[in-house]
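# Fold and geometry: a report
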Amino acid sequence: MDLTIQLQVLTVSFVYGILFSYLFKIQYHYFFLGKRFYRILITFFFIMDNCFLYFLILRTINHGIFHIYFLFLLIIGFLFGNYLLKKK
């Protein structure tokens, strides 16, 4: 894999982690509405949709190749997004 492609994927992973943090906060706000079955179902589809979207993005950038450091940057982006949202 080319270095420019790796840098693109690392940047996208970090930004997607921030976006996922924001979407997670919105979903958590609505988590306590409704019955238990619907909460579990909504959470399941939320996680699956975000995973599919991330892998579709990876597929368009680098043909779906996944490395562990992409996951690390996704987690760092998520934590950074949480930090930014708590400051507000």
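Everything here concerns the structure above.
Another point: the nonpolar core. Counting residues in hydrophobic clusters, the biggest one holds six residues: V9, Y16, Y54, L58, F70 and L74. Only α1 (3-30), α2 (36-62) and α3 (68-87) provide two or more residues apiece to this core. If near-sequence neighbours (up to four positions away) are discounted, Y54 is found in contact with S13, Y16, F66, F70 and L74.

Okay, a nonpolar patch on the surface next. Taken together, the side chains of F55, F66, I68, Y69, L71, F72, I75 and L79 make up a nonpolar region of the molecular surface, amounting to roughly 720 Å² of accessible area. Sort the elements by how many residues they give to the nonpolar patch and α3 lands first, with six residues. Relative to the helices and strands, I75 resides in helix α3. For I75, a relative accessible area of 41% translates into the label partly exposed.

What follows concerns α3. Taking 1.5 Å per residue as the helical rise, α3 with its 20 residues ought to reach 28 Å, and the 29 Å between its terminal C-alpha atoms agrees with that figure. Of all the positions in α3, only F70, L74, G77, F78, G81 and L85 are classed as buried. All buried residues of α3 fall inside an arc of 105° around its axis, so they share one side. Seen from the open side of α3, the exposed residues pointing more than 90 degrees away from its buried face are L79, K86 and K87. On its buried face, α3 is in contact with α1 and α2.

This brings us to the environment of R39. By the element assignment, R39 lies in helix α2. Taking the C-alpha atoms as reference points, R39 and L7, 32 residues apart in sequence, are found 37 Å from one another. Those residues in contact with R39, other than ones at most four positions away along the chain, are F31, F32, L33 and G34.

Calculation notes
Residues numbered from 1 in each chain as written. Predicted model: local features only at pLDDT ≥ 70, side-chain atom pairs only at ≥ 80, totals over all residues. Heavy atoms only, no water. Core = buried A, V, L, I, M, F, W, Y, C linked by side-chain atoms within 4.5 Å. Buried < 20%, exposed > 50% of the residue type's maximum accessible area, 1.4 Å probe, protein only. Helix = DSSP H or I, 4+ residues; strand = E, 2+ residues; numbered from the N terminus. Contact = heavy atoms within 4.5 Å. Patch = residues over 30% accessible without salt bridge, like charges linked within 9 Å, V, L, I, M, F, W, Y side chains within 5 Å. Areas by Shrake-Rupley, 256 points an atom, 1.4 Å probe, with all protein chains shown as cover. Salt bridge = Lys/Arg side-chain N within 4 Å of Asp/Glu carboxyl O. Expected span 1.5 Å × (residues − 1). Arc of directions from axis to C-beta.

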